[in-house]
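# Secondary and tertiary structure notes
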Amino acid sequence: MCGIVGYIGKKKAPRLLIEGLKRLEYRGYDSAGISVINKDKIETVKAVGKIHNLEKRLNSINTESSIGIAHTRWATHGEPNETNAHPHMDNDNLVAVAHNGIIENYHILQQELKKEGAEFKSATDSEVLAHLIASYIKKDFPLDEAVRRTMERIEGTYGMVVLCRKYPDKLVAARNGSPLIVGIGENEFIVASDASAIVEHTRQIIYLHDRELIMLNKDEYSIKTIQDIHVQTTIEDIDWDIEMIEKGGFDHFMLKEIFEQPEALHNAMRGRLDEKEMTTHLGGLSSVKDRLRQTKRIIITACGTSWHSALIAEYMFEELAQIPTEVEYASEFRYRNPIITEEDTVICISQSGETADTLAALREAKRKGALTLGICNTVGGTISRETDAGVYLHAGPEIGVASTKAFTCQLMVLSLIALKLARMRNMSHIQGDKIITALKKIPFQVKEIFESDKIIQELAQRFTYAQNFLYLGRGYNFPVALEGALKLKEISYIHAEGYPAAEMKHGPIALISENMPVVVIATKNSIYEKVVSNIEEVKARKGYVIAIATDGDKTIAKKADKVIYIPETLSFLVPILSVIPLQMLSYYIAVLKGRNVDQPRNLAKSVTVE
Ligand code: M6R
């Protein structure tokens, strides 16, 4: 949600900042801007829309400057236009600030600053930061102290980078609730809201913590807290390389990420199967093994696609490990007064590890004494650092806004956890063996599904202009129906709903006509016959049925209008397979509609505001 880059060093900052913004464009993309220092002046250029619009205007600032900040925006306060785009300046152009997050008390601060003569140009909450920092600079506070005092005054969330023309060789960055990473190069530093803007320059990074600020010149850095206490930090290594964040010959990141799933799933499993004891090795959980064994209840909290994984995990944990499990939207969990005890385990699932609602839910759970676990993809994200323990997905960077490989890898990791919990409790060695055998086949089975590419593309052509879609599933496939509908809506903008198949007769059946494509996930399981009856109900009302069925199922071919087959596996692993054709269908429909698949309107990859 919004992307920040800052640079100080020997290179030409504007070009480097533009490249960094392009890497972060998936975080937000309605407008962008850059500020650099040119001698004793700050020069700024902004543009509405994509980064390439900004790039075309780059010559209007000093392209030789070696210090600058940049921002790509996802609007929260104020519509996307040049005035509201970042960086923001005070009236004397003394300070420029690029900010992610929300300043909750901006209105009060604005009133105060207006009395001192500040004139506000934008409709954003962020502009107040520039005026406030500038007011401290004018009172002769050094730049880092001006930023620290500003941090003391503001309420809300921020990741910010600050330039000041009075300090042309210094860059300050600060964070609270909005991620910020500092890449350490040779006589240079790159500050960014995530590692994708940094990896091509350096693998060495520092994660800034909440309520900390970092002061940089090209040769050194120092970190302190909002309480003005110096902080010693550790330098960490990023284990990605640049190819992992490039499209590698695919038209879109989403397509690349769909086709990367066999490898990603393999990586999510790698080194984690214990084929002797028929359980899993999850190093990230070893420190909490005893508490996990004693846990009486699991609560899983997440948002969006990650919430769909949570719903599937609920079924898995109850069926395999017999642990009562509940799932709750993080946004709801954080504001109720959930009853949580020390015997509970709260699992937070988040691809980015930065989702504001999930983070707030985690903090609520910690406050109440639960054991907290994080299931995250991005290494070093806030959720993984704040949970007691956790398991990484190892899916590699997911750039497309629509989550694909993170979803299937979440399901893989959750299956590994379910197996571990089950083997700690009631599951037999023989049953564990069966599960491990099935798990090992999954990456190859995903590959087989790609062979249905042609059928899926034909379906996409047939339904490019459908107004609505209905997705139905039962048991483990019900959350898959939700995920299929979400995927279609977010990238094609077609209205779609997911339902438990049996619920259809309680309302949605009224929508069914010959114009309604209905995707039914009807794989072979204990409630297969019931799902077939649901298909009959749709057919009786002339709906067009696209069935996702188990290889070799001949019955379904007679009932549905089109069938996409997936290989057979254990019921709880079916979602990893059954979601693949749904991801592909959404992708192809969105492409045929000419949508911006990787950056759909109004969305952002990482939602770091409420
Ligand atoms: O990074 P997270 O997994 O916490 O993100 C949660 C949701 O914002 C995310 O899954 C969103 O729903 C995606 N756009 C779905 O494709």
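Position numbers for residues count from 1 along each chain, tracking the sequence in the order it is written. In view of the model being predicted, local features appear only for residues whose pLDDT reaches at least 70, and side-chain atom pairs are presented and counted only at 80 or more, with totals across whole chains, interfaces and linings using the full set of residues. Note: side-chain values were computed over all heavy atoms of the structure, leaving out hydrogens and water.

### Describing the packing of aromatic side chains
Each Phe, Tyr or Trp ring, with Trp reduced to its six-membered ring, pairs with another whose centre is within 6.5 Å; inter-plane angles below 30 degrees give stacked pairs, above 60 give edge-to-face pairs, and intermediate values give tilted ones. Taken as a whole, this structure holds ten aromatic pairs when the rule is applied. For the pair Phe-259 and Phe-450, a centre-to-centre distance of 4.4 Å together with 45° between the ring planes defines the contact as tilted. Residue Phe-259 is found in helix H6 (residues 253-259), and its partner Phe-450 is found in the loop between helix H14 (429-449) and helix H15 (453-462); the two are separated by 191 residues along the sequence. An angle of 70° between the planes, with centres 5.3 Å apart, marks the rings of Tyr-587 and Tyr-588 as edge-to-face. Buried, partly exposed and exposed residues are distinguished by accessible area as a fraction of the type maximum, computed with a 1.4 Å probe on protein chains only: under 20%, between the cut-offs, and over 50%, respectively. The class of Tyr-587 is buried, set by a relative accessible area of 2%. Under the relative-accessibility criterion, Tyr-588 is labelled buried at 11%. Geometrically, a lysine NZ or arginine CZ counts as sitting over a ring once it is within 6 Å of the ring centre and also within 35 degrees of the ring normal. Here Lys-524 stacks its cationic end above the ring of Tyr-528, 4.9 Å away from the centre of that ring. The ring of Tyr-493 has Arg-601 lying over it, and the distance from NZ or CZ to the ring centre is 3.9 Å. A run of DSSP states H or I qualifies as a helix once it reaches four residues; a run of E qualifies as a strand once it reaches two. Both are numbered from the N-terminal end.

### Quick notes on a negative patch on the surface
A cluster of like negative charges, contributed by Glu-448, Glu-451, Asp-551 and Glu-568, occupies part of the molecular surface. By the secondary structure assignment, Glu-451 is in the loop between H14 and H15. By relative accessible area, which is 68% here, Glu-451 ends up exposed. Patch membership requires more than 30% relative accessible area and the absence of a salt bridge. Residues of like charge join within 9 Å; the nonpolar side chains Val, Leu, Ile, Met, Phe, Trp and Tyr join within 5 Å. Note on areas: these come from Shrake-Rupley sampling with a 1.4 Å probe, and a residue is covered only by the protein chains present in the view. Counted as salt bridges are all cases of a side-chain nitrogen of Lys or Arg within 4 Å of a carboxyl oxygen of Asp or Glu. Working convention for charge: Lys and Arg count positive, Asp and Glu count negative, and His plus the chain ends are omitted. Where a charge sits is defined by one atom per residue type, namely NZ (Lys), CZ (Arg), CG (Asp) or CD (Glu).

### Comments concerning the environment of Leu-373
In this structure, Leu-373 sits in strand E21 (residues 371-376). Owing to a relative accessible area of 1%, Leu-373 belongs among the buried residues under this scheme. Two residues qualify as a contact provided that any one of their heavy atoms is within 4.5 Å of a heavy atom in the partner residue. Leaving out residues up to four positions away in the same chain, Leu-373 has contacts with Leu-285, Val-288, Leu-292, Thr-345, Val-346, Ile-347, Cys-348, Thr-387 and Ala-389.

### What about the sheet that holds strand E24 (residues 495-500)?
If you walk across this open sheet you meet the five strands as E24-E23-E25-E26-E27, and the pairing is parallel. Each having just a single partner strand, E24 and strand E27 (562-566) make up the two edges of the open sheet. With strand direction ignored, the average angle separating the axes of adjacent strands in the sheet is 20°. Two strands pair when backbone bridges link them, and strand E25 (residues 517-521) and strand E26 (residues 544-550) are joined in this way by five bridges, in the parallel orientation. Pairing of Val-520 across the sheet is with Ala-547, part of E26. Each of strand E23 (468-473), E24 and E25 is contacted by helix H16 (residues 477-492), which is oriented at about 175° to E24, the strand it contacts most. Should DSSP find at least two bridges between two strands, the strands are taken to pair. Note on definitions: angles span 0 to 180 degrees between N-to-C directions of axes, and those axes are lines fitted to C-alpha atoms, for helices only across the stretch in contact.

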